[in-house]
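# Reading the structure
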Amino acid sequence: MSVAGVRLELESLAKSYGGVPALRGVSLSVGDGKLVAVVGPSGCGKSTLLSLVAGLDAPDAGVIRIDGRVVNDLSPRERDVAMVFQSYALYPHMTVRRNLAFPLDVAGVPRREIAARVEEVAALLGLAPLLDRRPAALSGGQRQRVALGRALVRRPKVFLLDEPLSNLDAALRLGVRAELKKLHERLGATFVYVTHDQAEAMTLADRIAVLRDGALEQVGTPREIYGAPATAFVARFVGTPPVNLVAPEVLGLPEGPIDVALRPEDLRVSREAGAAGLAARVWLVEPMGSETWVTVERAGARLVARCEAAFDAPPGAPVRLGFDPRRLQRFERETGRRVVPDRPG
Amino acid sequence: MSVAGVRLELESLAKSYGGVPALRGVSLSVGDGKLVAVVGPSGCGKSTLLSLVAGLDAPDAGVIRIDGRVVNDLSPRERDVAMVFQSYALYPHMTVRRNLAFPLDVAGVPRREIAARVEEVAALLGLAPLLDRRPAALSGGQRQRVALGRALVRRPKVFLLDEPLSNLDAALRLGVRAELKKLHERLGATFVYVTHDQAEAMTLADRIAVLRDGALEQVGTPREIYGAPATAFVARFVGTPPVNLVAPEVLGLPEGPIDVALRPEDLRVSREAGAAGLAARVWLVEPMGSETWVTVERAGARLVARCEAAFDAPPGAPVRLGFDPRRLQRFERETGRRVVPDRPG
Amino acid sequence: MSARGERRLGAALVAPAGAALALVALGPLLATAWLSLRHRVPVLGEDRFVGLANYGALAHDARFLGALANTAYFTALAVALELVLALPLALALHHAGRGRGGIRAAVLVPWILPTVVAAKLWALLLQPDLGLLARIWPDGAGAVLTRPRLALHAAIFVDVWKTTPFVALLLLAGLQAIPEDLARAARVDGASALRVFRSITLPLLRPAILLALLFRSLDAFRVFDVVFVLTEGGPGHTTEPLSLYAYRTLLRAGSFGLGAAISLVTFLCVVAIGLAWLSALGERRPAEAP
Amino acid sequence: MSPRTAWTIALPYLAFFLLPLGWLALTSFWPDAELARPLPSHLTLENHAAALAGGGLARAVLNSLLVSGATAALALALAAPAAFAIARLGVRGGRALLAAALAVSMFPPIATAAPLYAALRAARLLDTLPGLVLPYTSFSVPLALWLVTGTFRALPLELYRAARVDGCTPLGAFRRVLLPLAAPGVATAGLLVFVFAWNELLYAVTFLTSPSRRTVPVALALFGGEFRDPFVVLAAASMLATVPVVAIAVLFQRRVVAGLTAGAVKG
Amino acid sequence: RAREDTRSADRLVLRYQPLGPDPAPFRALVAAFERESGVEVEVQALPNAADLAHQLLVTSLGAGGQDVDVFVLDVVWVAELARAGWLADLSDAFPPARVREEFLAGPAGAVVQGGRTFAVPWYVDVGLLYYRKDLVPEPPRTYAALAAAIRAARAEAPGIAGFLWQGRQYEGLSCNFFEALWGHGGAALDGDRLRLDTPAAREALGHLRRLVADGLSPRSVVTAAEEDARRAFQEGRAVFMRNWPYAWPLLQDPASKVRGKVGVAPLPGADGPAPGALGGWQLAVSSRAPAARRAAAIRLVAHLTSPDANAVLAIAYGRNPARHASYEDPRIRAEAPFIAALLPRVEAARARPVTPYYMLAADALQGELSAAVSGLRSPAEALARAQAQADAIAGVER
Ligand SMILES: Nc1ncnc2c1ncn2[C@@H]1O[C@H](COP(=O)(O)OP(=O)(O)OP(=O)(O)O)[C@@H](O)[C@H]1O
Ligand SMILES: Nc1ncnc2c1ncn2[C@@H]1O[C@H](COP(=O)(O)OP(=O)(O)OP(=O)(O)O)[C@@H](O)[C@H]1O
Ligand SMILES: [Mg+2]
Ligand SMILES: [Mg+2]
């Protein structure tokens with residue numbers, strides 16, 4: 001059962017709340033059956049964007065097109081979108097089962113099919129044993145799964161998911177993420193996916209839209225966003241731990257009106273006394289299990305490096321830093337814009 | 001201004017909701033000024049644990065001691081704990097400023113000091129421009145920060161934080177996490193920190209408690225939990241992507257009533273035709289930016305490896321797998337318990 | 001449905017209620033307003049337009065001014081007492097665990113009892129000669145009805161007895177809408193039960209309190225039955241409220257123009273009280289988040 | 001507040017409210033001739049028999065139940081959608097309507113009785129139960145409107161939005177999500193309106209003339225003689241007539257429960 | 001057109017106040033008329049609250065409809081409603097002369113206005129003095145004797161209250177006041193004009209006030225109506241009571257503490273017995289009823305005010321006949337001797353001022369009387385204020 005995805009186009013969408021601008025002219029086009037991840041700092045307008053697309057709020061300006069048709073004046077119902085609310089918005093007077101069944105029930109889907117689809121989605125999200133509880137008797141993560149399930153039982157043209165997995169544990173999140181990917185592939189519906197989890201954005205999205213202060217900073221494939229960020233902001237925003245953005249002198253490069261960025265995985269830290277490279281001192285060592293994050297201090301700046309799990313050093317220990325100059329990225333200090341050509345060493 | 005941390009001891013805590021057990025006898029002791037991270041799958045009882053400690057619910061059985069004193073019969077107010085609710089529970093009729101000031105106001109802190117501390121915490125959490133808004137006019141992440149701020153303005157003996165950063169973006173989360181660490185060090189208060197984010201647990205916690213179905217599965221330092229998980233469950237639960245837990249045959253080892261676990265970072269995938277190792281086929285390649293997760297198929301099982309960012313291969317491509325047998329962990333297949341001695345190759 | 005469509009739907013939903021109000025309430029209002037500008041005493045065959053003369057007459061009418069004062073006093077005291085008494089009661093009803101249904105129903109009975117019966121019951125209990133109270137406490141509370149300065153308080157007392165359940169019920173409905181999480185959060189924040197009440201419950205109860213205040217003070221301002229049964233406005237008009245004066249003027253004395261003017265003044269007072277409450281306690285609600 | 005504290009607080013109220021009622025109940029068994037005595041020499045059922053004689057009271061209770069029930073239903077049917085529109089659809093002038101409703105309903109009933117009498121006569125509704133239900137409804141719509149509007153406003157906005165995205169029309173969202181959650185407010189409004197209609201005397205006595213259509217307050221008002229005031233019979237009658245309403249109040253009260261929206265939203 | 005207007009001539013609507021707990025005798029009376037005339041009568045009961053009944057009449061008559069055909073009127077309403085033109089002229093069926101001849105003078109005076117009959121007396125009431133035969137050897141004829149008798153009785157029965165009457169702010173107080181006024185030789189009507197501010201009136205009101213102030217009457221009389229007085233008197237708590245005849249059978253109830261110890265006498269006056277206030281009800285026909293129905297209505301009135309009907313009312317409901325002759329009716333003498341014995345009282349009874357604006361003025365008057373009786377104002381001041389208000393009302397008319 002596959003629904004053809006549709007193209008979702010936003011043109012210069014703007015919205016403010018009582019004078020406070022939440023979106024300042026966002027134009028974005030999401031192709032048929034694609035999944036775009038929307039990321040950005042807290043309060044940048046992601047949820048606002050979704051609620052405009054859903055038709056829950058009217059934009060102050062701009063056009064929303066679904067499948068080529070302007071939907072600005074259509075009600076949410078007519079837009080045929082499913083949405084996961086960041087705050088869940090479960091129906092507290094209904095059991096989990098009835099919450100999940102609700103959109104189908106409203107759409108007049110036959111009872112038998114509703115039951116089947118509810119079971120299916122409940123199994124997918126591990127909600128089967130909870131079907132007869134009310135939301136008040138669920139844990140936070142369980143509620144979030146119900147919220148997600150309520151969107152997933154439907155087969156709408158567009159899915160709008162607002163941080164649907166934020167309260168789930170890593171294992172569950174991984175599982176659900178995989179299921180979402182499968183579902184997306186199977187349904188071919190168009191997804192707009194707001195997330196703070198980079199792994200989600202990178203693995204699920206066809207394209208990532210980086211929002212900053214209500215405006216789009218960059219839209220691109222995950223590789224582009226990570227590998228060729230258009231601005232220092234994007235560079236800093238994606239990647240955990242974040243990119244090291246420092247004055248060139250810190251890395252022993254000639255001064256200039258630019259900052260250079262180096263990903264933590266591209267910075268090598270060596271404790272061997274005689275090793276080549278820039279001298280620095282250990283500031284903090286954070287073992288993460290699979291790897292260790294090492295923060296070093298050099299020329300008054302701090303740099304983070306991802307090292308192997310076994311790395312250990314006391315704070316203050318002298319180390320040597322190495323990196324491949326080709327992996328450096330340069331950004332104008334003033335504007336934050338990427339300096340092109342940026343390939344040469 | 002430093003508050004001496006206090007010891008928090010839980011003894012055989014049990015709680016069920018209308019017959020559904022949420023906690024089944026949890027004993028845990030958190031030392032003075034330590035931070036224990038509580039992790040576990042959704043619905044395992046983490047929030048329940050916090051609300052028992054806070055005194056919001058009475059345990060069905062068990063004893064809670066703060067600073068050696070049994071507090072079972074004390075009201076939340078007398079226990080002197082601060083808490084971030086998973087659901088935020090902001091006061092809708094108060095501005096952000098008054099929300100933040102409320103605990104201090106209640107405690108009779110002088111007006112001037114309240115103002116100073118509110119400003120401080122607002123600056124810390126990036127809430128300064130929002131101080132005069134009501135919660136209804138905030139984004140999800142902003143609300144969560146207010147909830148956190150309301151706990152942080154206080155100087156209680158015990159902090160109880162229920163997923164305080166789940167709705168924040170990675171950069172903000174990192175920053176707040178660092179501030180929390182500093183705060184914890186400075187105040188020396190005892191923290192119980194529920195999180196789904198492994199990086200948070202690993203970097204912040206002195207000890208991690210893994211909860212499963214209302215019972216403690218393991219308590220240990222982050223390194224112990226990651227490096228020497230007591231059970232297969234713990235092994236699978238920590239680490240992203242999760243550990244590869246497979247029958248020994250899959251990795252070319254002799255059969256037995258055990259499963260072996262190998263962390264994705266310990267599995268090497270090589271595309272070079274002549275390389276040594278076990279033959280496998282690529283199933284899925286997920287570029288994460290800083291690295292690439294490669295899922296391979298071998299002997300009907302799937303294994304994930306963390307490879308460098310540049311790794312690429314089409315699905316189905318033949319690869320060779322390598323690993324250091326010393327990094328293998330063994331678990332009884334029946335009980336899931338770790339097989340000791342597990343060191344030998 | 002577009003925003004415009006939604007607004008049209010909204011108008012359609014509001015229309016029946018608005019029509020019901022206009023049809024049955026607005027007509028009489030206008031009729032009364034018109035009547036108040038006339039001198040009309042059918043039994044004397046009088047009926048002519050006199051402009052604001054009726055109002056002018058009221059301005060110098062000692063009985064009217066007395067009735068106005070009685071009404072205002074009655075309203076202020078009765079409503080204040082009802083609110084003060086109803087709030088703890090509503091909280092108790094809200095928190096009573098077992099047997100909640102029973103106690104709620106029990107508390108409601110005074111209010112369900114027809115006003116005439118309730119007032120007669122109290123008239124009997126307060127009868128200065130034979131009443132239960134007079135027997136227990138002769139010349140004290142038992143004699144209130146005979147004392148011009150106290151009789152009004154008896155009416156207030158009966159009103160409080162009868163109407164406190166109504167106020168409690170309104171407040172109870174408000175209490176039920178307050179999320180429990182907030183009180184929990186406040187307690188963890190160190191607030192005592194009293195403080196939770198003052199800082200969380202009370203502010204969030206404000207709309208319900210406003211509602212109770214509005215409806216009660218407007219209703220109390222039109223008090224009729226209780227006084228009518230208890231004292232008929234005596235002794236010497238000291239307990240006569242505006243509505244009773246209007247009633248007598250309109251129907252007993254048959255002076256329709258003047259009666260209409262009194263009614264209209266009562267009405268205008270009521271409107272003023274309503275506006276005062278609304279502006280004093282009106283909600284300032286923030287815009288809502290996406 | 002613990003249930004125990006709650007009961008401790010409630011008990012004095014119960015005493016305050018119920019003791020006089022107990023006295024009323026006792027009075028209803030009191031021989032009429034002995035009413036002036038501190039205590040009766042014996043108790044009697046005569047008063048109840050007198051109250052029930054002729055079946056007028058039973059008939060009146062039935063009429064009152066019909067009228068009050070219809071009024072409550074009609075008032076809620078008018079007020080709930082309007083409240084929804086005001087609270088959620090952003091009707092222009094919603095607040096004005098609320099204020100107007102309030103003002104209009106507060107017009108002294110005595111001033112309206114005569115014009116309404118004429119209007120009902122013109123509509124051929126005099127001396128019919130619907131003729132009573134109509135004015136009752138419009139005078140109780142404002143209270144219901146205010147109460148239910150407030151309840152709708154207290155519901156998390158997100159729930160309405162969620163229902164819309166899930167495919168509900170505004171009315172569908174109203175019916176399936178908002179209305180069930182507003183149950184405490186709606187039930188309270190229903191109960192208040194019901195009791196208002198139950199207790200109303202002036203209109204009932206003015207607009208209804210046939211004995212078979214009398215409501216309870218009218219029936220009670222007719223118990224007296226010109227000078228005689230058979231309070232004991234009145235007490236018996238009112239006790240008998242009040243029982244069904246208390247039962248109804250208990251039913252309404254069932255719906256007035258807390259925490260209906262628990263678990264709905266986070267934040 | 002409304003249902004009422006199309007009502008045919010053989011269907012009448014009668015609005016009255018229930019006469020007693022048992023409606024059967026009255027129903028039988030009406031049924032007899034229905035049989036005889038073939039006209040159906042719909043009986044509508046009004047509440048027994050005079051104000052409410054008055055209001056309903058004014059509302060339905062004022063609305064200009066034909067909602068009622070025959071209705072009952074208090075003595076003091078006749079002038080008012082006749083003036084308003086709502087009462088059919090019954091002079092043809094009941095010529096004034098015949099009314100004066102057949103009916104007691106008081107009610108006859110009230111129903112005949114300007115030489116035309118607007119209503120027919122149905123039954124009457126009169127203020128009486130009840131006294132305790134066991135405590136008072138001889139009923140007092142003067143106020144001074146009343147006071148002396150109270151003092152004497154108190155010596156015998158310490159703590160007993162003296163004289164109970166109706167001092168509540170309502171029409172009953174007006175009756176008590178007019179009785180006192182007549183007892184002081186005063187009158188309230190000067191032509192068409194109410195005269196309240198007269199020396200006699202001041203004396204009368206002062207007398208009422210002094211009864212309370214001097215303790216001859218308990219303070220509770222200032223809130224008392226008929227039943228309050230009757231119940232207390234029936235409990236043996238007072239020596240004298242001013243009340244209507246309805247109290248008599250109740251005082252003789254087996255459970256009554258004063259059964260057999262009560263006597264009835266004329267009210268005392270300053271120099272000798274004073275007339276009691278006239279109460280009672282009349283039957284009138286709506287002027288709005290179409291001619292055919294009006295004829296039937298008049299026949300119904302005739303039936304209900306006939307000597308036979310008088311007897312039914314007296315025997316079954318204890319109502320005093322409005323006809324002289326009925327007091328000689330053997331049925332009544334046999335079955336209701338107390339009523340039959342009241343003839344001198346009802347003959348002497350006086351109506352409150354018969355003027356169209358009595359109701360308008362009475363409203364103002366009651367408040368002032370109550371104020372004086374309860375000690376709020378001096379009688380002189382109260383009467384001056386009442387006079388001013390009455391004048392304002394009458395002055396408006398001019
Ligand atoms: N009122 C209730 N009635 C019945 N079961 C409940 C109730 N509240 C919680 N539970 C159950 O208790 C278990 C523990 O809940 P708790 O909220 O502690 O989980 P949690 O570990 O915090 O989960 P999450 O990570 O999803 O927030 C869950 O399975 C939940 O469904
Ligand atoms: N009702 C409102 N009044 C004023 N400002 C508002 C209102 N609602 C939202 N905002 C502001 O608009 C901005 C965008 O909000 P939005 O909810 O879209 O953010 P977001 O990107 O979803 O953030 P988060 O990741 O924290 O959920 C925020 O700065 C928020 O404070
Ligand atoms: Mg958001
Ligand atoms: Mg939880």
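About the thresholds
Residues numbered from 1 in each chain as written. Chains lettered and ligands numbered in written order. Predicted model: local features only at pLDDT ≥ 70, side-chain atom pairs only at ≥ 80, totals over all residues. Heavy atoms only, no water. Helix = DSSP H or I, 4+ residues; strand = E, 2+ residues; numbered from the N terminus. Buried < 20%, exposed > 50% of the residue type's maximum accessible area, 1.4 Å probe, protein only. Contact = heavy atoms within 4.5 Å. Areas by Shrake-Rupley, 256 points an atom, 1.4 Å probe, with all protein chains shown as cover. Phe/Tyr/Trp six-rings, centres within 6.5 Å; stacked < 30°, edge-to-face > 60°. Lys NZ or Arg CZ within 6 Å of the ring centre and 35° of its normal. Buried area = accessible area lost by both parts, 1.4 Å probe. Salt bridge = Lys/Arg side-chain N within 4 Å of Asp/Glu carboxyl O. Donors = N, O, S within 2.8 Å, 3.2 Å for Na, K, Ca; no water. Polar contact = N/O pair within 3.5 Å; in protein donor to acceptor, adjacent residues only side chain to side chain. Axes fitted to C-alpha atoms, helices over the stretch in contact; angles between N-to-C directions. Parallel < 35°, antiparallel > 145°, perpendicular 65-115°, else oblique. Left-handed = near helix turned anticlockwise from the far one by under 90°. Core = buried A, V, L, I, M, F, W, Y, C linked by side-chain atoms within 4.5 Å. Expected span 1.5 Å × (residues − 1). Bend = angle between axes of the 7 residues up to and from the residue. Near = heavy atom within 4 Å. Nonpolar A, V, L, I, M, F, W, Y, C, P; charged D, E, K, R; others polar. pLDDT = per-residue confidence, 0-100. Domains from an automatic or database assignment. Patch = residues over 30% accessible without salt bridge, like charges linked within 9 Å, V, L, I, M, F, W, Y side chains within 5 Å. Lys, Arg positive; Asp, Glu negative; His and termini not counted. Charge placed at Lys NZ, Arg CZ, Asp CG, Glu CD.

## Digging into the overall build of chain A
- Looking only at helices and strands, chain A has nine helices and 18 strands in total.
- Counting only C-alpha atoms and orienting by the principal axes, one finds that chain A spans roughly 75 × 45 × 35 Å.
- Taking all 345 residues of chain A together, the buried fraction comes to 60%.
- In chain A, 64% of the contacts between residues at least 6 apart in sequence involve partners at least 24 apart.
- Surface exposure of chain A reaches about 13,200 Å², of which carbon and sulfur atoms provide 50%.

## Side note on the packing of aromatic side chains
- A full pass over the atoms with the stated rule returns 36 aromatic pairs over all chains.
- Between Phe 84 of chain D and Phe 152 of chain D the ring centres are 6.4 Å apart and the planes differ by 80°, which places this aromatic pair in the edge-to-face class. Here Phe 152 of chain D lies in helix α6 (residues 129-154) and Phe 84 of chain D lies in helix α3 (residues 56-88), a separation of 68 residues in the sequence. There is no split in this pair, since Phe 84 of chain D and Phe 152 of chain D are both buried.
- Aromatic rings pair up to connect Trp 122, Phe 157 and Trp 161 of chain C together with Tyr 13, Phe 16 and Phe 17 of chain D into one cluster.
- Positioned above the aromatic ring of Tyr 226 of chain B is the side chain of Arg 263 of chain B, whose terminal nitrogen or guanidinium carbon lies 3.9 Å from the ring centre.
- In this structure, Arg 242 of chain E packs its charged tip against the face of Trp 244 of chain E, placed 4.3 Å from the ring centre.

## A closer look at the interface of chain D and chain C
- Across the boundary between the two partners, chain D contributes 85 residues, which contact 90 residues of chain C.
- Note on chain D versus chain C: buried area summed over both sides is about 7,900 Å², and carbon and sulfur give 79% of it.
- When residues of chain D are sorted by the area they lose upon contact with chain C, Phe 17, Met 106 and Phe 107 of chain D head the list and together hold 9% of the total.
- The interface formed by chain D and chain C contains one salt bridge.

## Topic: the coordination of the magnesium ion (ligand 3)
All names here are of chain A.
- The protein atoms donating to the magnesium ion (ligand 3) are Ser 47 (OG) and Gln 86 (OE1), with metal-donor distances spanning 1.9 to 2.2 Å. Within this pair, whereas Ser 47 is found in helix α1 (residues 46-54), its partner Gln 86 is found in the loop between β6 (81-84) and α3 (96-107), the two being separated by 39 residues in sequence. Gln 86 carries the same exposure label as Ser 47, and that label is buried.

## Things to note about the environment of Phe 197 of chain C
Residues and elements named next belong to chain C.
- You can see Phe 197 is positioned in helix α9 (residues 193-204).
- Expressed as a C-alpha distance, the spacing of Phe 197 and Leu 91, which sit 106 residues apart in the sequence, is 9.8 Å.
- Discounting residues that sit within four places of it in the chain, Phe 197 has contacts with Leu 87, Leu 91, Leu 202 and Pro 203.

## Comments concerning the side chain of Arg 173 of chain A
- For Arg 173 of chain A, the position within the fold is in helix α6 (residues 170-187).
- Side chain to side chain, Arg 173 of chain A and Asp 197 of chain A meet in a polar contact 2.9 Å long.

## Some remarks on the packing of α3 of chain A against helix α5 (residues 140-152) of chain A
Residue and element names in this part refer to chain A.
- As a packed pair, α3 and α5 sit with axes 7 Å apart at the nearest point and diverge in direction by 30°. Comparing their axes, α5 and α3 come out roughly parallel. Judged by the twist between their axes, the crossing of α3 over α5 is right-handed. Of the residues in α5, those touching α3 at Val 96, Asn 99, Leu 100 and Pro 103 are Val 146, Gly 149 and Arg 150.

## With respect to the nonpolar core
- Counting 369 residues, the largest nonpolar core has Phe 152 of chain D together with Phe 26, Leu 73, Trp 122, Phe 177 and Phe 240 of chain E as the members making the most contacts within it.
- Broken down by element, this core gets its largest block of residues, 16 residues, from α3 of chain D.
- Leave out the neighbours within four places in its chain, and Phe 240 of chain E touches Leu 129, Tyr 130, Tyr 131, Val 136, Pro 140, Leu 146, Ala 149, Ile 150, Gly 162, Phe 163, Leu 164 and Phe 233 of chain E.

## Let's talk about α6 of chain D
All names here are of chain D.
- Over its 26 residues, α6 runs 36 Å from end to end, which matches the ideal 38 Å to within 8%, given 1.5 Å per residue.
- Of all bends in α6, the biggest is about 35°, found at Ser 140, and the proline Pro 142 comes one to four residues later.
- The buried fraction of α6 amounts to 22 of the 26 residues, a majority that puts the element mostly inside the structure.
- One side-chain oxygen of the residue at the start of α6 lies 3.1 Å from the amide nitrogen of Gly 131, identifying that residue as Thr 128.

## A word on the site of ligand 2
- The environment of ligand 2 is formed by 22 residues, the closest being Ser 47 and Thr 48 of chain A together with Arg 133, Ser 139 and Gly 141 of chain B.
- The environment of ligand 2 is shared, with nearby residues belonging to chains A, B and C.
- Take Ser 42 of chain A: an N or O atom from its side chain is 2.8 Å from an oxygen atom of ligand 2.
- Within the backbone of Gly 141 of chain B, a nitrogen or oxygen atom sits 2.6 Å from an oxygen atom of ligand 2.

## A few points about the interface of chain B and chain A
- Chain B puts 43 residues into the contact, and the matching count from chain A is 44 residues.
- Around 3,500 Å² of area is buried between chain B and chain A when both sides are counted, 53% of it from carbon and sulfur atoms.
- It is Ser 42, His 196 and Arg 223 of chain B that lose the most area in chain B upon contact with chain A, and together they represent 15% of the buried surface on that side.
- Counting across the interface, chain B meets chain A through two salt bridges.
- The residue Arg 306 of chain B makes a salt bridge to Glu 291 of chain A at a minimum N-O spacing of 3.0 Å.
- No other element matches the five residues that helix α6 (residues 170-187) of chain B contributes to the side of chain B that touches chain A.
- The residue inventory of the side of chain B that touches chain A, partitioned by class, reads 16 nonpolar, 15 polar and 12 charged.

## Concerning the confidence of the model for chain E
- Here chain E averages 89 in pLDDT, while 97% of its residues score no lower than 70.
- Among the scores for the predicted complex, ipTM is 0.89 and pTM is 0.91.

## Structural notes on the domain arrangement of chain A
All names here are of chain A.
- What the domain assignment lists for chain A is domain 1 (8-236) and domain 2 (241-339).
- On a C-alpha basis, the centroid separation for the pair domain 1 and domain 2 is 36 Å.
- In this assembly, 10 residues from domain 1 lie in contact with 10 residues from domain 2.
- Counting across the interface, domain 1 meets domain 2 through zero salt bridges.

## Comments concerning the site of ligand 1
- What surrounds ligand 1 is a group of 20 residues, the closest being Arg 133, Ser 139 and Gly 141 of chain A together with Ser 47 and Thr 48 of chain B.
- One of the side-chain N or O atoms of Ser 47 of chain B is found 2.6 Å from an oxygen atom in ligand 1.
- Here an oxygen atom of ligand 1 sits 3.3 Å away from a polar atom, N or O, in the side chain of His 196 of chain B.
- For ligand 1, whose unbound accessible area comes to 630 Å², protein coverage reaches 88%.
- Within the residue set of the shell around ligand 1, elements represented by two or more residues are α5 of chain A together with α1 (46-54) of chain B.

## Comments concerning a positive patch on the surface
- Together, Arg 4, Arg 7 and Arg 8 of chain C together with Arg 92 of chain D make up a positively charged patch on the protein surface.
- With respect to the secondary-structure elements, Arg 8 of chain C resides in helix α1 (residues 3-35).
- A relative accessible area of 56% places Arg 8 of chain C in the exposed class.

## Structural notes on the environment of Ala 10 of chain D
- Locating Ala 10 of chain D in the fold gives a position in helix α1 (residues 3-28).
- Sequence separation between Ala 10 of chain D and Ala 219 of chain D is 209 residues, and the spatial gap between their C-alpha atoms is 34 Å.
- With near-sequence residues (within four places) excluded, Ala 10 of chain D lies in contact with Ala 92 and Ile 103 of chain C.

## Some remarks on helix α9 (residues 226-234) of chain E
- Burial analysis of α9 of chain E places eight of its nine residues in the buried class, the great majority of the element.
- Listing the buried residues of α9 of chain E in full gives Glu 226, Glu 227, Ala 229, Arg 230, Arg 231, Ala 232, Phe 233 and Gln 234 of chain E.
- Against α12 (231-254) of chain D together with β7 (128-132), β8 (161-164), β11 (238-243), α10 (247-251) and β12 (262-265) of chain E lie the buried residues of α9 of chain E.
- Looking one or two residues beyond α9 of chain E, the residue adopting positive phi is Gly 236 of chain E, at roughly 80°.

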